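Spelled out, the chains give:
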Amino acid sequence: MATATAAATPCAAHLVGRSTTRLQYSTPAPHLYRNAAFWTKKSTKNKLSSRNASSTVAALPFELSPPPIDHDFLDSVVAEGAKVSEEGIIETFDNDDEALDAFDNDVVVMDLSHFGRIRVSGDDRIQFLHNQTTANFECLSEGQGCDTVFVTPTARTIDIAYAWIMKKSVILMVSPETCGNITEMLNKYIFFADKVEIQDITKQTCLFALAGPKCSQVMANLNLGDLVGQPYGTNRHYSVNGMPLTIGVGNIISEDGFSLLMSPAAAGPVWKTLLSEGAVPLGFNAWEKLRITQGRPAPGKELTNEFNVLEAGLWNSISLNKGCYKGQETISRLITYDGVKQRLWGIHLSAPAEPGSPITVDGGKVGKLTSYTTGRKECDHFGLGYIKKKAASEGDTVIVGENIIGTVVNVPFLSRQSPPVKNSGP
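Residues numbered from 1 in each chain as written. Predicted model: local features only at pLDDT ≥ 70, side-chain atom pairs only at ≥ 80, totals over all residues. Heavy atoms only, no water.

(A) Broad picture of the overall build of the protein chain. Of the regular secondary structure elements, the protein chain holds ten helices and 21 strands. Burial analysis of the protein chain (426 residues in total) assigns 54% to the buried set. For the protein chain, the proportion of contacts with a sequence separation of at least 24, taken over those separated by at least 6, is 67%. Counting only carbon and sulfur atoms, one obtains 50% of the accessible surface of the protein chain, whose full area is about 18700 Å². (Helix = DSSP H or I, 4+ residues; strand = E, 2+ residues; numbered from the N terminus. Buried < 20%, exposed > 50% of the residue type's maximum accessible area, 1.4 Å probe, protein only. Contact = heavy atoms within 4.5 Å. Areas by Shrake-Rupley, 256 points an atom, 1.4 Å probe, with all protein chains shown as cover.)

Quick look at the structure:
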């Protein structure tokens, strides 16, 4: 994922919230207007609206802090055939192959509302997060964002957080299994004089992700094209029928997509609008396949006390020149003394393999398989695993378990990371 974003000029849509003009959608044939203050697109479809009401989509200078609202979005997708777990996770729409193909060639929408959302507020919030995580928050401004990593004092990985800087708070999006522990950990490190408040807003909000090569076209169709091409993490506020909606560039699986954060009451209309624009719904079973084949590390698998943040390859989430922060001394030593001895790779497998299986070369153990998934064809098998740097690299053959042949490959998420360039000498 990309590092902290560059400062962005206030967009045309942002100016709407400061004037009496609002973006209205009505029934004439598609037509695009522009003046000094805003873009307006009139279409035959209601954009980001409920079925029977025309919708207003406008950038608003407010802070997202919606009240708890009964979550009936899942009821509506179940009625349409989705399979939902007892934990409220949409497992599948019985279209996994179609959805995976759409991720590569079209556009998909994913409900990630089970992922954690943490709101950090108070006057000292930026300095607090700057000291508690790996990214440089002090160089970020309102409307920008980044990825950052929560680590232990010895730089072992806890989770990756996708962060949005807002006017009065920072929103952190984290994995479902770490949200509670991270919230507790952050509260633990607030000292008496710190002006910081931590709030878990997961149940008060919904989170969708839009991904695929055609997702920018969907944004343009919805008159949200001002976000297309903006730096990773750029986020702006909008309104859907008077309800708050924040959209950011990038998402947990793809830096080229978008994330949509909203109140539960807005979830149904937004979801239906995205589907009407051609987005294919993608459930969590297909999501997990994507996570592994894209190479995104996950807590409890690639992100554990067994591996440090540099072995996980999370270079874009780490500031190498900011002051002291948790894990900083260990990270500095690893870089200075070339102490990273293993790294995370993708592995094409000849057969199903069990996570935790040893990876060997010439009979000697050189690593461990951490995740496994089947491919889109039954004969395709893929995994992620840590391998010693001197033992194997891209294209090499390894053995997983007793006799499963593996070919080491790079994966999209990790290939986008940018390790520091070593000096060749004076």
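(B) Helix H5 (residues 179-188), seen in detail. Among all positions in H5, only Cys179, Ile182, Thr183, Met185 and Leu186 are buried. Down the axis of H5, the sector holding all buried residues measures 165°, keeping them to one side. Facing away from the buried side of H5 by more than 90 degrees, the exposed set consists of Asn181, Glu184 and Lys188. Its buried side turned inward, H5 meets strand S6 (116-121), helix H4 (125-132), strand S7 (145-151), strand S8 (157-165), strand S9 (169-174) and strand S10 (197-200). (Arc of directions from axis to C-beta.)

(C) Broad picture of unusual backbone geometry. Look at Asn223: it is not a glycine, yet its phi comes out positive at around 65°. Residue position: Asn223 is located in the loop between helix H6 (215-221) and strand S12 (235-240). In this structure Asn223 comes out as buried when scored by relative accessible area, which is 10%. Positioned with a positive phi, Asn241 is a non-glycine residue whose angle comes to about 50°. Following the sequence through the fold, Asn241 ends up in the loop between S12 and strand S13 (243-249). What makes Asn241 partly exposed here is its relative accessible area of 32%.

(D) Up close: the sheet that holds strand S14 (residues 258-262). Spatially, the six strands line up as an open sheet ordered S12-S13-S14-S11-S5-S15, and their pairing is mixed. Each edge of the open sheet carries a strand with a single partner, namely S12 and strand S15 (280-282). Neighbour to neighbour, the strand axes of the sheet diverge by 25° on average, direction disregarded. Where strand S5 (residues 108-111) lies against S15, three bridges are found, and the strand directions are parallel. The residue of S15 that forms the bridge with Val108 is Val280. Packing of helix H3 (residues 96-105) onto the sheet brings it into contact with S5, strand S11 (206-211) and S15, and relative to S15 it is tilted by some 110°. (Pairing = 2+ DSSP bridges. Axes fitted to C-alpha atoms, helices over the stretch in contact; angles between N-to-C directions.)

(E) Spatial organisation of the side chain of Ser113. In this fold, Ser113 is placed in the loop between S5 and S6. Separated by 3.1 Å, the side chain of Ser113 and the backbone nitrogen of Leu207 make a polar contact. Discounting residues that sit within four places of it in the chain, Ser113 has contacts with Thr202, Cys206, Leu207 and Phe208. (Polar contact = N/O pair within 3.5 Å; in protein donor to acceptor, adjacent residues only side chain to side chain.)

(F) Looking closely at the packing of aromatic side chains. Taken as a whole, this structure holds eight aromatic pairs when the rule is applied. Residues Phe73 and Trp271 carry aromatic rings whose centres are separated by 5.2 Å and whose planes lie at 65° to one another, so their mutual orientation is edge-to-face. Of this pair, Phe73 sits in helix H2 (residues 73-79) while Trp271 sits in helix H7 (residues 264-276), and the two are 198 residues apart along the sequence. Trp271 carries the same exposure label as Phe73, and that label is buried. Ring geometry for Phe93 versus Trp271: centroids 6.0 Å apart, planes at 20°, classification stacked. Remark: Trp271 occurs in helix H7 and Phe93 occurs in the loop between strand S4 (90-92) and H3; sequence separation between them is 178 residues. With a relative accessible area of 3%, Trp271 lands in the buried category. An aromatic cluster is defined as three or more aromatic residues linked by ring pairs; in this entry it consists of Phe73, Phe93, Phe208 and Trp271. Positioned above the aromatic ring of Tyr325 is the side chain of Lys322, whose terminal nitrogen or guanidinium carbon lies 4.4 Å from the ring centre. (Phe/Tyr/Trp six-rings, centres within 6.5 Å; stacked < 30°, edge-to-face > 60°. Lys NZ or Arg CZ within 6 Å of the ring centre and 35° of its normal.)

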